[in-house]
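Examination of the molecular architecture
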Amino acid sequence: LSLSTGDFSALESLFELSAARCLEDQVAISLPSLRAGTLTPRMLSLMAKLRRTGATVAPEAGSARLRAVINKGITEEDILAHAARLFESGWQSIKLYFMMGLPTETDEDLEAIADLAVKVLQCAPRGMKRLGVTVSVSTFVPKPHTPFQWEAQIGRDETLRRLDVIKARLAPFKKISIKWHEPRMSWLEGVFSRGDRALAPVVERAYELGALFASWVDMLDLAPWEQAFEDRGVDPHPYLEARPLDAPLPWDHLASGVSKTFLLRERERALEGKATPDCRYGACTRCGACSEMCGEPEIHVPGVKPRVNLPEPEWVASLRENAPEVELNAPPKAREELTRRDGHYRVWFEKTGPAAYLSQLELANVLERALRRSGLKPSFSAGFHPMPLISFGWALPVGVESREEWFGLFLREAASLEAIGSRLDSALPEGLHVTRVEGLGPGKKIPQPVSEEFLLTYLLPGDEAARRVAQWREFMASETFPWFSVTKRGARTMDIRPLVISVAERSPAELAITFCWRDNRYASPLKLAAAVNEGISLKDFTLTKLRQIFE
Ligand code: SF4
């Protein structure tokens, strides 16, 4: 659920009403980055009964002083009590989310991040086997329409220095790990967060220079961005600096409803460390959003009333009365029911258009949700964290389309091949389309393809496409083709020539390439294409899987 779930005042009744159904279908409810104290003990117990996902708490700042500056409204006691309840309810690892580089931050505030993580760790009962606390830190990026829209953002070097302060303080604690948002990414986000129209040509130029998928750390390369800033004559640094309070801002013509007068007042209070209470539970602080309460001269939205905590309506009360009882202390639902395997299938599908940009992990999530919507009953794995029994063939690289993908599926209630195909197809999002379903034997093993055929299409002028095609001819004429790559397991050199069986020229700019994946030797076809056509940009060609070939 969303980041602001904890602000929904009817969360507890909604949660109770959904829990029985979620329990039945092994649906996890995950509440990311909740404000400490928003989960009641009963909600925590219910969540613990469902498929357990990670628990994230967002203190955002380590010291009470800095939490007051950002108006976080939670005390250290709240955070520790929340962590203790999570541990008592069975969570063994907790993620704590913090920001670094907040206005007025000092090294003491950074050390307080580490100290708070240690105190959270100490809330765990003794003897927890998989106990762990993860400190996740992002660089603060000032945003428009907030009290900090005039503040400076810390630079990349300063980000690394501040990270070191936290790391050094946490070094003795082996059960606390630290993760951080890539500082180069935060730098780029900072430029665009408070950018203006001068940046539009920079985005276009960076795209031309091959800056694709920049929000993925492994694809982030600042070189084309820096080149683009230079080519378009834009200095990125002023975008990260503090802005004069009376300077016109690029978003001044956009009305969010909250007045600039209020933002200035809040900024002043923040810098003095004065908290502003939440108007849902206290007095109106005249932000300008509700015309009837506010009385501020800058009223942008007439007729908007504040959303306050109202008494529970009758219909919710009646739903609650009729909801199936969830017995917290009941033994876990019989595993045999969920793990039963009544049918085994291979579902063939196409992955095209926007779906080509779903990663393998995202695809697995999409399919799991589509299965629920379709009403089909997947079998689950046994164990602590039951998962639907879905398996895949070779992972398709992101951005590559496929006319022939498949996944293996066990159902705990068998259905006809037609019913599986049509029910699943109607539950899939744009770009995913079931083409056929075949029945498989009861064993877990599914035959894998020994080779696959792809269509490589160059989006280049004739001469350039011809040069790239010639490189493939040379490749096929060679005996070996050593390819150096760096993977998570380190650097390696591999002969990729045996991985290509044939290359057929379908047109001057189209090649049908058959790759060989025998003996479990596999490399991403996208990377193989980039290895043969050295220096080619991802936007200069497309790759589509045409078919899979079995023994
Ligand atoms: S009651 Fe309305 S105008 Fe007053 S602080 Fe809340 S949202 Fe703003």
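Source: prediction; values computed, not measured.

1. Some thoughts on the environment of Val-532
Inspection of the secondary structure assignment puts Val-532 in helix 17 (residues 525-532). Val-532 gets classed as buried once you look at its relative accessible area, which sits at 7%. Between the C-alpha atoms of Val-532 and Trp-472, which are 60 residues apart in sequence, the distance is 6.6 Å. Leave out the neighbours within four places in its chain, and Val-532 touches Gln-471, Trp-472, Phe-475 and Phe-481.

2. Topic: helix 5 (residues 107-122)
Compared with an ideal rise of 1.5 Å per residue, which puts 16 residues at 22 Å, helix 5 spans 23 Å between its outermost C-alpha atoms and is within 8% of the ideal. Among all positions of helix 5, only Asp-109, Leu-110, Ala-112, Ile-113, Ala-114, Leu-116, Ala-117, Val-118, Val-120 and Leu-121 are buried.

3. Describing the packing of aromatic side chains
Taken as a whole and assessed by the stated rule, the structure comprises 15 aromatic pairs. The rings of Trp-394, Phe-454, Phe-515, Trp-517 and Tyr-522 are connected pair by pair, giving a single aromatic cluster. Note that Arg-341 overlies the ring of Phe-410, its terminal NZ or CZ placed 4.7 Å from the centroid.

4. Quick look at the pattern of salt bridges
With the rule as written, the count across this model stands at 29 salt bridges. Across the salt bridge formed by Arg-205 and Asp-231, the nearest N and O atoms sit 2.8 Å from each other. On the criterion of sequence distance, the pair formed by Arg-205 in helix 8 (residues 200-208) and Asp-231 in helix 9 (residues 222-231) is long-range, its members being 26 residues apart. Since its relative accessible area comes to 32%, Asp-231 is described here as partly exposed.

5. Quick look at the nonpolar core
Of all hydrophobic cores here, the largest spans 44 residues; its most connected members are Ile-94, Leu-96, Val-120, Val-135, Ile-166, Leu-170 and Ile-176. Listed in part, the 29 residues of the second largest apolar core include Phe-454, Phe-475, Ala-523 and Leu-543.

6. Re the site of the ligand
Near the ligand you find 10 residues, and of these Cys-279, Cys-284, Thr-285, Cys-287 and Cys-290 are the closest. Taken together, the residues of the shell around the ligand sort by class into seven nonpolar, two polar and one charged.

7. Topic: the environment of Pro-201
With respect to the secondary-structure elements, Pro-201 resides in helix 8. By relative accessible area, Pro-201 is classed as partly exposed at 32%. Taking C-alpha positions, Pro-201 is 9.9 Å from Gly-233, a pair spaced 32 residues apart along the chain.

8. Considering helix 7 (residues 183-193)
Each full turn of the α-helix corresponds to 3.6 residues, which orients residues three or four apart in the same direction. In terms of residue burial, helix 7 counts as a mostly covered element, since eight of its 11 residues are buried. Within the sequence span of helix 7, burial applies to Pro-183, Met-185, Ser-186, Trp-187, Leu-188, Gly-190, Val-191 and Ser-193.

9. Regarding the packing of helix 4 (residues 76-88) against helix 5
In the contact formed by helix 4 and helix 5, the axes pass within 9 Å of each other and the chain directions differ by 40 degrees. Here helix 4 runs over helix 5; the crossing is right-handed. When helix 4 is examined against helix 5, the residues Glu-76, Ile-79, Leu-80, Ala-83 and Phe-87 are found in contact with a partner set consisting of Leu-116, Lys-119 and Val-120. Broken down by class, the residue content of the contact of helix 4 with helix 5 amounts to six nonpolar, no polar and two charged.

10. Quick word on the confidence of the model for the protein chain
Summing up the model confidence of the protein chain, the mean pLDDT is 87 and the portion of residues at 70 or higher is 87%. Scored below 50 in pLDDT, residues 296-301 makes 11 contacts in the model with residues more than four places away or belonging to other chains.

11. Remarks on the sheet that holds strand 4 (residues 176-180)
With respect to topology, four strands assemble into an open sheet ordered 1-2-3-4, the strand pairing being parallel. At either end of the open sheet lies a strand with only one pairing partner, and these are strand 1 (55-60) and strand 4. The mean angle between the axes of side-by-side strands here comes to 25 degrees, regardless of whether they run parallel or antiparallel. As paired elements, strand 1 and strand 2 (residues 93-100) share four bridges and run parallel to each other. Paired with Val-57 across the two strands is Leu-96, which belongs to strand 2.

12. Remarks on the packing of helix 8 against helix 9
Packed helices, taken two at a time, are described by the angle their axes make and the gap between the axes. Contact geometry for helix 8 and helix 9: axes closest at 8 Å, N-to-C directions at 130 degrees. Taken together, the axis directions place helix 8 and helix 9 in an arrangement best described as oblique. As for how helix 8 packs across helix 9, the hand of that crossing is right-handed. On the side of helix 8, the interface is formed by Val-202, Val-203, Arg-205 and Ala-206, while helix 9 contributes Pro-224, Trp-225, Ala-228, Phe-229 and Asp-231. Each residue belonging to the contact of helix 8 with helix 9 can be placed in one class, and the counts come to seven nonpolar, no polar and two charged.

Rules behind the numbers
- Residue indices follow the written sequence of each chain, beginning from 1 at its first position.
- Thresholds applied to this predicted model are a pLDDT of at least 70 for local features of residues and 80 or more for the giving and counting of side-chain atom pairs; totals over whole chains, interfaces and linings are not thresholded and use all residues.
- Side-chain descriptors were evaluated using all non-hydrogen atoms of the structure, hydrogens and water having been removed beforehand.
- Strands are runs of DSSP state E lasting at least 2 residues, helices are runs of H or I lasting at least 4, and numbering of each runs from the N terminus.
- Classification of residues uses two cut-offs on accessible area relative to the type maximum, computed with a 1.4 Å probe and protein chains only: under 20% is buried, over 50% is exposed, and between them is partly exposed.
- It only takes one pair of heavy atoms within 4.5 Å for two residues to be counted as in contact.
- The span you would expect from a helix comes to 1.5 Å times its residue count less one.
- Whether two aromatic rings pair depends on their centres lying within 6.5 Å, for rings of Phe, Tyr and Trp, where Trp uses its six-membered ring; planes under 30 degrees apart make the pair stacked, over 60 edge-to-face, and the rest tilted.
- Only when the NZ atom of a Lys or the CZ atom of an Arg is both within 6 Å of the ring centre and within 35 degrees of the ring normal do we say a charge sits over the ring.
- Each salt bridge in this description consists of a side-chain nitrogen of Lys or Arg and a carboxyl oxygen of Asp or Glu lying within 4 Å of one another.
- Working definition of a nonpolar core: buried Ala, Val, Leu, Ile, Met, Phe, Trp, Tyr and Cys residues. They are joined through side-chain atoms within 4.5 Å.
- Throughout this document, a residue counts as near a molecule or strand when at least one of its heavy atoms sits within 4 Å of that molecule or strand.
- Under this grouping Gly is polar, as are all residues other than the nonpolar Ala, Val, Leu, Ile, Met, Phe, Trp, Tyr, Cys and Pro and the charged Asp, Glu, Lys and Arg.
- Lines fitted to C-alpha atoms define the axes, with helix axes restricted to the stretch in contact, and inter-axis angles between N-to-C directions lie between 0 and 180 degrees.
- Note on convention: near helix rotated counterclockwise from far helix by under a right angle means a left-handed crossing. Clockwise means right-handed.
- pLDDT: the predictor's confidence for each residue, scored from 0 to 100.
- Strand pairing requires that DSSP identify at least two bridges connecting the strands.
- For classification, angles of less than 35 degrees are called roughly parallel, those exceeding 145 degrees roughly antiparallel, those between 65 and 115 degrees roughly perpendicular, and all remaining angles oblique.

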